[in-house]
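# Observations on the model geometry
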Number of protein chains: 2
Amino acid sequence: MTEIKEERPIILITNDDGITAPGIKSLVNAVKDLGDVIVVAPDKPQSGMGHAITIGVPLRLNRVKDIFDGAEAWQTNGTPVDCVKLAVDKILHRKPDICLSGINHGANHSINVIYSGTMSAAMEASIESIPSIGFSLLDYSIEADFTAAEHYVHKIVKSVLGKKFEKHFLLNVNIPSMPLELMNGIKVCRQAYAKYDEDFDERQDPNGRKYYWLTGQFVNFDEGEDTDVWALEHNYVSVVPVQFDLTNYTLKKELEKNWDIL
Amino acid sequence: MTEIKEERPIILITNDDGITAPGIKSLVNAVKDLGDVIVVAPDKPQSGMGHAITIGVPLRLNRVKDIFDGAEAWQTNGTPVDCVKLAVDKILHRKPDICLSGINHGANHSINVIYSGTMSAAMEASIESIPSIGFSLLDYSIEADFTAAEHYVHKIVKSVLGKKFEKHFLLNVNIPSMPLELMNGIKVCRQAYAKYDEDFDERQDPNGRKYYWLTGQFVNFDEGEDTDVWALEHNYVSVVPVQFDLTNYTLKKELEKNWDIL
């Protein structure tokens, strides 16, 4: 981490709740004084899309005017990951200095990093060697209050822009839904082993055929006090540094040593 | 790794190419003597879906008869990840002894583990503490020859069923497309930093509006001889043990030590 000289960076913003979601407007507001902001976001909600890309249908990309104050904006029919690819290749024609995703309406802590379109967009940028951060607020409501979130987004992005981190720098930031004065600050964490215990709500359509809605309860299996779930429960903003090398090196060693079919 | 006693295990099979793809038929053929096989797979191709889940539309789940020789089969309108969730909750009503995904038509080595519906289904099972393996053949063709692949699938699954591994056991297996006698065996590897250098093919529809197809060239940035890409180039079956804890512990330590906004 070395300090670098101040300049006006290009900030790419995307999300998975769609270009009209209040959360992305808050993200633009929070950082527009820190650089030149370009928004490239899905034209409809894409929550739960994970790292999906669009290969079966053609992608559309259209300029949207008068949607953000102080940012150029484009919408696509693609996924959050497509937005990052299209932004770099077809709009910016260069890598932005940073990519921000969110602010998501709802938590993306623990295992949710894997299902989240917000985090997948940020990860896509990180794979492309663009420093990247995904932001989520622990409030699913469309009327969520992003005031305190904007404060922390500004603080974190300003700090990251001012430093030189490793080239695949990627953070998963979750922000408790509460007034600023009740928060305890920022805590760097590991990803908790906590997940949804799924259930399916079984119903019948008017023709008597069954259908299912995915539902479930969130369960924390992780008692560590160094996790994102713990930090959020204790009124901290959780920051999990994320990587895309999924190799399980412990199991790799064990297999290399003991697996009789090698 | 301790040997466990023989019994007839329940083998859950899914894929991302859809229930009618030749690859899933080969997977069933390869392992049906090793246990009771249940197939729950998408009713249409779902390649590139990553870890997407279906939350915006209702899920359907229907029995399909006479499609596999020696396996009960169900199809859904959901993603590969949905298939695993539905199989456990609505069909098996218990965890299977192992979950197998594939055999994918096309490579899922290196960074592709993140975009792949095949590997995301396997990872979903692993999150649920079900030992799981994703298989891919390096041949995108619908007429791909799975003969050698079936040999290695049988060998690997038989070995894994006979042992007691860690509860989130997950492997990403890629198989070269060549006759068995030309292969050099199995190699345990790490995930290469190799990825598609994207481009978009820009076209005009009959109304004069632009649209894009995602395309690109595969580029290997990783010179290591311990990667899956290296192994496959040298005619090995590559086995990458995979984990879903995405925490970057190196960056975590650095931030905890030096980040001035904490």
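Residue positions within a chain follow its written sequence, with the count starting from 1. Chain letters start at A and ligand numbers start at 1, both assigned in the order the entries are written. At least 70 in pLDDT is required for a residue's local features to be given in this predicted model, at least 80 for side-chain atom pairs to be given and counted, and no such filter applies to totals for whole chains, interfaces and linings, which use all residues.

## Remarks on the overall build of chain A
- What chain A contains, in helices and strands, is seven helices and 13 strands.
- C-alpha atoms define the radius of gyration in this analysis, and the globule rule sets the expected value at 2.2 Å times the number of residues to the power 0.38. What you see for chain A is a C-alpha radius of gyration of 19 Å, in line with the 18 Å of a compact globule of 262 residues.
- Residues with at least 20 neighbouring C-beta atoms inside 10 Å of their own are called buried, those with 12 or fewer are called exposed, and the rest are partly exposed, where every C-beta is derived from the backbone. Looking at the 262 residues of chain A, the share that counts as buried comes to 50%.
- Each residue gets a C-beta atom placed from its backbone, and two residues are in contact if those atoms lie within 7 Å. For chain A, contacts bridging at least 24 residues in sequence account for 78% of all contacts bridging at least 6. A run of H or I in DSSP counts as a helix once it spans at least four residues, and a run of E counts as a strand once it spans at least two, with each numbered from the N terminus.

## Brief notes about the sheet that holds strand β13 (residues 237–241) of chain A
All names here are of chain A.
- The pairing criterion for strands is at least two bridges between them, as found by DSSP. Ordered by their spatial adjacency, nine strands build an open sheet running β4-β5-β3-β2-β6-β7-β9-β13-β10, and the pairing between neighbours is mixed. The sheet terminates laterally at β4 (61–64) and β10 (186–188), the two strands that pair on one side only. The sheet shows a mean angle of 20° between the axes of neighbouring strands, direction not considered.
- One ladder, built from four bridges, connects strand β9 (residues 170–175) with β13; its direction is antiparallel. Within β13, the residue paired with valine 173 across the bridge is valine 239. To define axes, lines are fitted to C-alpha atoms, for helices over the stretch in contact only, and angles between the resulting N-to-C directions are given on a 0 to 180 degree scale.

## A short note on the interface of chain B and chain A
- Residue-level contacts link 57 residues of chain B with 57 residues of chain A.
- Sort the elements by how many residues they give to the side of chain B that touches chain A and helix α7 (residues 249–258) of chain B lands first, with six residues.
- Three classes are used: nonpolar for Ala, Val, Leu, Ile, Met, Phe, Trp, Tyr, Cys and Pro, charged for Asp, Glu, Lys and Arg, and polar for all others, with Gly counted as polar. Its residues assigned to classes, the side of chain B that touches chain A shows 31 nonpolar, twelve polar and 14 charged.

## Remarks on the sheet that holds strand β1 (residues 10–14) of chain B
All names here are of chain B.
- One open sheet accounts for nine strands, arranged β3-β4-β2-β1-β5-β6-β7-β11-β8; its pairing is mixed. Of all strands in the sheet, those with a lone pairing partner are β3 (61–64) and β8 (186–188), marking the two edges. For this sheet the average axis-to-axis angle between neighbouring strands, irrespective of direction, equals 20°.
- On the sheet, helix α1 (residues 22–31) packs against β1, β2 (36–42), β4 (71–76), β5 (98–105) and β6 (132–137) and is oriented at approximately 135° with respect to β5.
- Across the face of the sheet, helix α2 (residues 80–92) comes into contact with β1, β2, β3, β4 and β5 while running at roughly 135° to β2.

## Topic: the relation of the copies chain B and chain A
- We superpose the copies by least squares over the C-alpha atoms of residues that have a pLDDT of at least 70 in both of them. Rotating chain B by 180° about the axis while translating it 0.0 Å along that axis superimposes it on chain A, leaving an RMSD of 0.0 Å. In the structure described here, the two chain copies are related by an operation that fits a two-fold rotation axis.
- In this assembly, 100% of the residues forming the interface of chain B have copies in chain A that are likewise at the interface, indicating an isologous arrangement.

## Some words on the pairing of strand β9 (residues 194–204) of chain B
- Both β9 of chain B and strand β10 (residues 210–220) of chain B contribute to a ladder of eleven bridges, which runs antiparallel. Of the residues in β10 of chain B, the one forming a bridge with lysine 195 of chain B is valine 219 of chain B.

## Thoughts on helix α5 (residues 147–161) of chain B
Residues and elements named next belong to chain B.
- Its 15 residues place the ends of α5 21 Å apart at the C-alpha level, agreeing with the 21 Å of an ideal helix rising 1.5 Å per residue.
- For α5, every residue scored as buried is listed here: Ala149, Glu150, Tyr152, Val153, Ile156, Val157 and Val160. Around the axis of α5, the buried residues are gathered within 165° of arc, so they sit on the same side.
- Against the buried residues of α5 lie α1, β5, β6, β7 (170–175) and β11 (237–241). For a helix, the expected span equals 1.5 Å multiplied by the residue count minus one. Here the arc refers to the set of directions running from the helix axis out to each C-beta atom.

## Some points on the pairing of β5 of chain B
All names here are of chain B.
- The element β5 is extensively covered by neighbouring structure, given that eight of its eight residues are classed as buried.
- Note that β1 and β5 share four bridges and pair parallel. In the sheet register, leucine 12 faces β5, and the bridge partner there is cysteine 99.
- Judged from the five bridges that link them, β5 and β6 form a sheet pairing that is parallel. Note on β6: the bridge partner recorded for serine 101 is glycine 134.

## With respect to the environment of isoleucine 55 of chain B
- The topology assignment puts isoleucine 55 of chain B in the loop between β2 and β3.
- The sequence separation of isoleucine 55 of chain B and glycine 78 of chain B amounts to 23 residues, and the corresponding C-alpha distance is 9.6 Å.

## Some words on unusual backbone geometry
Residue and element names in this part refer to chain A.
- Of note, the bond from glycine 102 into isoleucine 103 is cis; its omega dihedral lies within 30 degrees of zero at -10°.
- Along the chain, isoleucine 103 falls in strand β6 (residues 98–105).
- In this model, serine 110 sits at a positive phi of 50°, which is unusual for a non-glycine residue.
- Tracing the sequence through the fold places serine 110 in the loop between β6 and α3 (112–115).

## A word on the nonpolar core
- The term nonpolar core refers to a set of buried Ala, Val, Leu, Ile, Met, Phe, Trp, Tyr and Cys residues connected through C-beta atoms within 7 Å. Core analysis: the largest hydrophobic core is formed by 151 residues, its most contacted members being Val39 of chain A together with Val39 of chain B.
- Apart from the residues lying within four places of it in its own chain, the contact partners of valine 39 of chain B are Ile13, Ile19, Ile24, Val28, Phe68, Ala71, Ala73 and Trp74 of chain B.

## Some words on the packing of α2 of chain B against helix α4 (residues 117–127) of chain B
Residue and element names in this part refer to chain B.
- Between α2 and α4, whose axes approach to 7 Å, the crossing angle comes to 30°. Here α4 runs roughly parallel to α2, going by the angle between their axes. Here α2 runs over α4; the crossing is right-handed. Contacts between α2 and α4 involve Pro80, Val81, Cys83, Val84 and Lys85 from the first element and Gly117, Thr118, Ser120, Ala121, Glu124 and Ala125 from the second.
- Classifying every residue of the contact of α2 with α4 by side-chain character gives six nonpolar, three polar and two charged. Roughly parallel here means an angle under 35 degrees, roughly antiparallel means over 145, roughly perpendicular means 65 to 115, and every remaining angle is called oblique. Here is the rule for handedness: rotate from the far helix to the near one, and if that takes an anticlockwise turn smaller than a right angle the crossing is left-handed, while a clockwise turn gives right-handed.

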